[in-house]
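Chain by chain, the residues run as shown.
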Amino acid sequence: MERGEEKMSNIIETPEQAKQDATYYQALRELLLQLADDDLLISFRGSEWLGLAPHIEEDVAYSSITQNTMGHAVMYYNLLEELGEGRADILAHDRQPDERRNGCYLEKRNGEGMYLEEPYYDWALAVVRNYFYETCKKIKLEAIANSSYQPLAHVARKVLMEHPYHLAHWKLWMKQLQSSTDEAKKRMQTRIDEAWVEFADVLELGNLATDMRKHRLVTISEEEIKDKWLDEVKTILVDLPEGPVGKKYGSGRNGEHTDDLKQALDILAEVYNSDKAAAW
Amino acid sequence: MYNYVEDGDSKTTAYVEHDQEKYDAFMARIEAGEKIEADDWMPADYRQALIKLISMHGISEIMGALPEKEWVPKAPTLRRKLGIMAKVQDEMGHGQLLLRVAEDLMKPFGKTRENLMEDLLNGDLKFHNVFHMPTKTWADAGMVGWLVDGAAIMSQTNMLDASYGPYQRALQRICQEEVFHAQHGESIIMALAEGNEYQRSILQESLNRWWPALLMFFGPASAETTGSSKQDIMIKYKIRKSTNEELRQAFLSKYLPRVFSLGLTIPDETIHYDEKEEKWIYKQPDWAEFKQIIRNKGPKSKERLRLREIAYENNRWVRQALAQEPVNV
Amino acid sequence: MVKESDFYQVYEVFSRRGNKAPMQHQFSLLAPNKEMAMVMAQENFMRREDVVDVWVVKQSDIRKMNSEERQSLTNRLDNKQYRTTKGYGYLRQKWKEKEQGMLDEKEIMSWKEVKKK
């Protein structure tokens, strides 16, 4: 056991147990929101791509990944629902931007235009974003697979089962596009450089990071997550950008977001908002 | 989802010398219920009819993903978001299966998927009339899954014994997935039909708007209605079994009792089942309008083609980048 | 600009549902290379079924029967009963007379479990 880690390697089995310690509960709640919102936002952006991918076979394959990812978000929202945080659908559809905990880079629009009109979406952004995210996701999942909160550890192990395909898929696209035409290389590098100054909050755990670690909700620290991620992407990136990974738009973990999140939520909840009391 | 509707001249002309002996042997195989494969000898009009049918069917699936897709990011619950995403993904998948079948048939002409996309964008390859229509509300997402897919299931199951092997095998896969689609659509509709006043109102409004397009789905009853119909050749070569009107009647018989059971009405006061004639009597849709729609002059034709064109052109650099093998895989 | 038809290839996709199941042909897809073909294959054709293994094979690498071969090389006379159990049905009665059972397929396939000592 590391220094500074409380002698509370206790296993927490149920929501009721989790509620007995306020700091434990707050850290757990925060972590679940981060995990759920990350998966929701990136899968929302993925759902906008449906029907517009570079070729048909890829369209089908990408949509499976998007569905899996949204399925993962559902599992985390369900854990929050079990904790008494409200119904999963309300958590997904009916929270204000400043209550959202996803990393800012994940809410970014897919490119110029909108999916209904003039969607000049950028496949380089899709590839870089998904590769960076899935790499980070693997590290985090492994860090919560032995979480003190058993229901969460259980979900993480399940998600890890279908995650290797996601990573393999995007890794192949990274390799393919970085080693092809000059145009592709240039487009990829532009998106990699852009991600480099925006991606940091995705790797972070927010204000309660210390509590999460202390209570063994996650089994590695924020710094270790960053280091592992960097080691991994170094093996794939042909040209590593200089400097540390930044968070140009602040930290989504603390509710700081761009206008792109509002744009996403307006679409995501359009029908839901038309009649919140209705059963759909 | 699909139905074969002829319009305009074919751009591809098959050159297969007429060989009576081969033709007779071919017809004997058709009559015996054998399956024809891509590299078997086949008469020019058989190949031609198949290319037209299957490329239109395939491209209609791809174009058909667009109207429903409008509601994918907007679906009102997580469960609905996932369900409609899986459904629209299937439609893209059906397009993939069918275009592969069409591509193999076009091989002797040196034509590929690239050519099909170009034909679509320059207006030579038509897509199905229903996919030129707008989807204005969430109820439309349900209506497409329920009645539009219902009509599609009717026409696709009718070809499950099609004489062309690759098409028939693709249809087996497609129809199995359509069972999921049918229930997906019913589930959305059921929630609206049993929902509040607002939900019921958007459902009825949607049905009213879609009704003419649903009648048009199966194409005109005979060539006189629009000036051309290739249904005879499809039956002669055992590609499908029933005529347009037979399929429409079967659709009405299967679905109208369900429509009425939900308390919905049809925007046609004259519609009724004539016991003596044993058929549904209904007001004909405007077939002149139908002709305009499938010539890409429908309410949403231009927008949908524009979406497809942007997706195609905007991603060209990606496909170009695929020409090279990736290193160190 | 490279013509897409020059590098997009047809790949045939095969899969097995379980460890006891044979490789089964699923369908074909277009892909620029075998790695891309592999990464697309499972989600295009086996979204709703179990898979334990997937193969992709470039169609042009397959020696398929041509049309004539399919019609001329796949026919056999219906006189090969000697290869099957069909002609030995009378044994059942014979063994019965000797108060013995028939070692039929069901019986023999059941021998995978023998009594442990």
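Look a little higher up for the structure.
Below or above, wherever it landed, is the structure these notes cover. As the structure is a prediction and not an experimental result, all values here were calculated from the model.

Turning our eyes to something else, we now look at the overall build of chain C. When helices and strands are tallied, chain C shows five helices and three strands. N-terminal to C-terminal, the α/β element order of chain C is α-β-β-α-β-α-α-α. In terms of overall dimensions, chain C has C-alpha extents of about 80 × 45 × 25 Å along its principal axes. With 117 residues in all, chain C has 19% of them scored as buried. Partitioning the intrachain contacts of chain C with sequence separation of at least 6 by distance along the chain shows that 41% fall at a separation of at least 24.

Let's shift gears to the sheet that holds strand β3 (residues 53–58) of chain C. Residues and elements named next belong to chain C. Spatially, the three strands line up as an open sheet ordered β2-β1-β3, and their pairing is antiparallel. A strand with exactly one partner marks an edge of an open sheet, and here the two such strands are β2 (24–31) and β3. Averaged over neighbouring strand pairs, the angle between their axes works out to 25° when direction is ignored. Pairing of strand β1 (residues 9–16) with β2, which is carried by seven bridges, proceeds in the antiparallel orientation.

The partner chain B presents 46 residues to the 47 residues of chain A that form the contact. At the level of elements, α2 (22–49), α3 (56–82), α4 (88–93), β2 (117–121), α7 (150–178), α8 (182–196), α12 (259–268) and α13 (270–274) of chain A are the ones that each hand at least two residues to the side of chain A that touches chain B. Element by element, the count of residues in the side of chain A that touches chain B is highest for α3 of chain A, at ten residues. Counted by class, the side of chain A that touches chain B contains 26 nonpolar, eleven polar and ten charged residues.

Moving on, we get to the nonpolar core. Residues Tyr76 and Val127 of chain A are the most contacted members of the largest nonpolar core, which totals 183 residues. When residues no more than four places from it in sequence are discounted, the contact partners of valine 127 of chain A are Trp170, Trp173, Met174 and Leu177 of chain A.

Turning to helix α12 (residues 301–314) of chain B, a few remarks are in order. Its 14 residues give α12 of chain B an end-to-end C-alpha distance of 20 Å, which sits within 8% of 20 Å, the value for a rise of 1.5 Å per residue. Here the buried face of α12 of chain B lies against β2 of chain A together with α2 (44–69), α4 (113–121) and α11 (287–297) of chain B.

With that out of the way, let us pick up the interface of chain C and chain A. The interface is formed by ten residues belonging to chain C together with eight residues belonging to chain A. Within the residue set of the side of chain C that touches chain A, elements represented by two or more residues are β2 and α2 (34–45) of chain C. Per-element tally for the side of chain C that touches chain A: the top contributor is α2 of chain C, with six residues.

A separate point is the packing of α7 of chain A against α2 of chain C. Running from N to C, α7 of chain A and α2 of chain C point in directions that differ by 150°, and their axes come no closer than 10 Å. As far as their axial angle goes, α2 of chain C and α7 of chain A are roughly antiparallel. Like other packed secondary-structure pairs, α7 of chain A and α2 of chain C cross with a definite hand, here left-handed. Counted together, Ala168, His169 and Leu172 of chain A of α7 of chain A and Glu35, Met36 and Val39 of chain C of α2 of chain C form the full contact between these two elements. Tallied by class, residues from the contact of α7 of chain A with α2 of chain C come to four nonpolar, one polar and one charged.

Further remarks concern the pairing of strand β1 (residues 111–114) of chain A. Residues and elements named next belong to chain A. Relative to β2, β1 runs antiparallel, the two sharing three bridges. The partner of glycine 111 across the bridge, within β2, is tyrosine 121. As consecutive antiparallel partners, β1 and β2 are separated by two residues.

All names here are of chain A. Within the fold, lysine 247 resides in the loop between α11 (222–234) and α12. Residue lysine 247 is classed as buried on the basis of its C-beta count, with 20 C-beta atoms lying within 10 Å. Counting along the chain gives 47 residues from lysine 247 to alanine 200, while the straight-line C-alpha distance between them is 5.0 Å. Residue contacts for lysine 247: discarding those within four places in its chain leaves Cys104, Glu198, Ala200 and Asp201.

Cut-off values and rules
Residues numbered from 1 in each chain as written. Chains lettered and ligands numbered in written order. Predicted model: local features only at pLDDT ≥ 70, side-chain atom pairs only at ≥ 80, totals over all residues. Helix = DSSP H or I, 4+ residues; strand = E, 2+ residues; numbered from the N terminus. Buried ≥ 20, exposed ≤ 12 C-beta atoms within 10 Å, placed from the backbone. Contact = placed C-beta atoms within 7 Å. Pairing = 2+ DSSP bridges. Axes fitted to C-alpha atoms, helices over the stretch in contact; angles between N-to-C directions. Nonpolar A, V, L, I, M, F, W, Y, C, P; charged D, E, K, R; others polar. Core = buried A, V, L, I, M, F, W, Y, C linked by C-beta atoms within 7 Å. Expected span 1.5 Å × (residues − 1). Parallel < 35°, antiparallel > 145°, perpendicular 65-115°, else oblique. Left-handed = near helix turned anticlockwise from the far one by under 90°.

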